[in-house]
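# Chain and residue survey
Residues per chain, in single letters:
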Amino acid sequence: MGVSLSMLASGSRGNCALVASTRTRILVDAGISCRETFKRLKSLGEDPRSLSAILITHEHSDHIYGLATLAKKLRIPVLMTGATHHAWAKAMRDAKGERPQLDQLERFESGHSFQVGDIAVKPFTIPHDAADPVGFTFRAEGIKIGIATDLGYLPVSVRDHLRGCDVLVMESNHDVEMLRGGPYPWSVKQRVMSRVGHLSNEALADFFVNDYDNSATFVVLAHLSEQNNHPEIARREAEKALATRGHLFHNRVLLAQQNQALEAIRL
Ligand SMILES: [Zn+2]
Ligand SMILES: [Zn+2]
């Protein structure tokens with residue numbers, strides 16, 4: 001079977017990915033409805049009942065929308081940091097002011113590795129306007145997968161965590177000119193462009209040109225804005241940047257989608 005990554009959904013209307021080894025299957029974020037998550041898993045030939053755990057990067061709704069229902073249905077561990085859980089529970093109070101329950105909540109700390117089955121998980125802090133946001137690297141069977149979306153810029157610490165990845169899932173949120181000239185109110189534009197907002201095509205290209213170790217067989221562009229980006233612009237920018245180093249053929253660029261699951265990347 002080997003190790004695989006499936007991008008079930010990516011973008012501001014919901015994020016969800018599946019990282020799987022031969023024995024373990026981890027859902028990363030639960031930003032689409034439970035029903036849609038099940039549907040997309042099945043479209044890839046995956047049985048939702050075979051999931052081992054759900055990991056959450058941060059409490060923004062596009063990452064947790066389906067969590068409560070999924071956790072209830074699947075009865076599997078849900079892992080997030082204490083601060084993320086606190087923020088999630090506060091935001092999810094029901095009409096009576098009751099906080100939602102997660103029967104199998106497990107907390108991790110950013111910077112501290114842990115195991116889920118045979119997958120070693122390392123959460124790392126990312127600059128984003130949430131309580132305690134993290135990216136992840138996953139290691140199993142000699143393969144390393146890195147996921148870094150929802151971050152205003154790429155600090156040295158994040159770049160370090162992303163070294164040696166066989167698959168790299170990177171945010172390519174917006175084209176700076178499209179965002180500037182686009183329909184968002186100025187306050188929202190400022191938030192997106194800030195150091196705790198979202199990563200632009202240009203910032204990602206800069207990373208590829210100047211600091212990327214060329215380790216990945218697959219580069220997945222993720223969390224694309226539907227208003228302020230275009231898939232072909234994001235792809236062109238990334239491929240151009242990777243090609244400046246003469247390495248394009250080693251880095252297949254894929255685009256994660258909002259409305260449908262991307263075929264599994266198998267390693
Ligand atoms: Zn976010
Ligand atoms: Zn997001």
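Structure: see above.
The notes below deal with the structure included here.

The rules behind the values
- Residues numbered from 1 in each chain as written.
- Chains lettered and ligands numbered in written order.
- Predicted model: local features only at pLDDT ≥ 70, side-chain atom pairs only at ≥ 80, totals over all residues.
- Heavy atoms only, no water.
- Donors = N, O, S within 2.8 Å, 3.2 Å for Na, K, Ca; no water.
- Tetrahedral: all angles 85-135°; square planar, octahedral: opposite > 155°, others 65-115°.
- Helix = DSSP H or I, 4+ residues; strand = E, 2+ residues; numbered from the N terminus.
- Buried < 20%, exposed > 50% of the residue type's maximum accessible area, 1.4 Å probe, protein only.
- Patch = residues over 30% accessible without salt bridge, like charges linked within 9 Å, V, L, I, M, F, W, Y side chains within 5 Å.
- Areas by Shrake-Rupley, 256 points an atom, 1.4 Å probe, with all protein chains shown as cover.
- Salt bridge = Lys/Arg side-chain N within 4 Å of Asp/Glu carboxyl O.
- Lys, Arg positive; Asp, Glu negative; His and termini not counted.
- Charge placed at Lys NZ, Arg CZ, Asp CG, Glu CD.
- Pairing = 2+ DSSP bridges.
- Axes fitted to C-alpha atoms, helices over the stretch in contact; angles between N-to-C directions.
- Contact = heavy atoms within 4.5 Å.

## Concerning the coordination of the zinc ion (ligand 1)
- Of the protein atoms, only H58 (NE2), H60 (ND1), H128 (NE2) and D150 (OD) coordinate the zinc ion (ligand 1), at distances of 2.2 to 2.5 Å.
- Each of the four donor atoms bound to the zinc ion (ligand 1) contributes to angles spanning 91 to 171°, and the resulting shape is irregular.
- Separating the zinc ion (ligand 1) from the zinc ion (ligand 2) is a gap of 3.5 Å, bridged by D150, which donates to each. Placement of the pair is H60 in the loop between β4 (53-55) and α2 (61-64) and D150 in the loop between β10 (143-148) and α5 (156-161), with a sequence separation of 90 residues.
- On the basis of relative accessibility, which here comes to 1%, the residue D150 falls in the buried class.

## A few points about the coordination of the zinc ion (ligand 2)
- Around the zinc ion (ligand 2), the protein contributes the donor atoms D62 (OD), H63 (NE2), D150 (OD) and H223 (NE2), which lie 2.1 to 2.2 Å from the metal centre.
- Because the angles between the four donor atoms bound to the zinc ion (ligand 2) fall within 92 to 164°, the donor set is best described as irregular.

## As for a positive patch on the surface
- Where like charges cluster on the molecular surface, the positive patch consists of R35, K42, R49 and K73.
- Within the fold, R49 resides in the loop between α1 (34-43) and β4.
- Looking at R49, the relative accessible area reads 54%, which means it is exposed.

## Focus: the sheet that holds strand β13 (residues 252-255)
- Strand order in this open sheet of seven strands is β7-β8-β9-β10-β11-β12-β13, and the pairing throughout is mixed. Both outer strands of the open sheet, β7 (114-116) and β13, are each paired with one neighbouring strand and no more. On average, each strand axis in the sheet is tilted by 20° relative to the strand beside it, whichever way the strands run.
- In terms of strand pairing, strand β8 (residues 119-125) meets strand β9 (residues 134-140) through six bridges, oriented antiparallel. Residue pairing in the sheet places T125 in a bridge with V134 of β9.
- Along the sheet face, helix α8 (residues 201-210) touches β11 (167-171) and β12 (218-222) and points at about 145° away from the line of β11.

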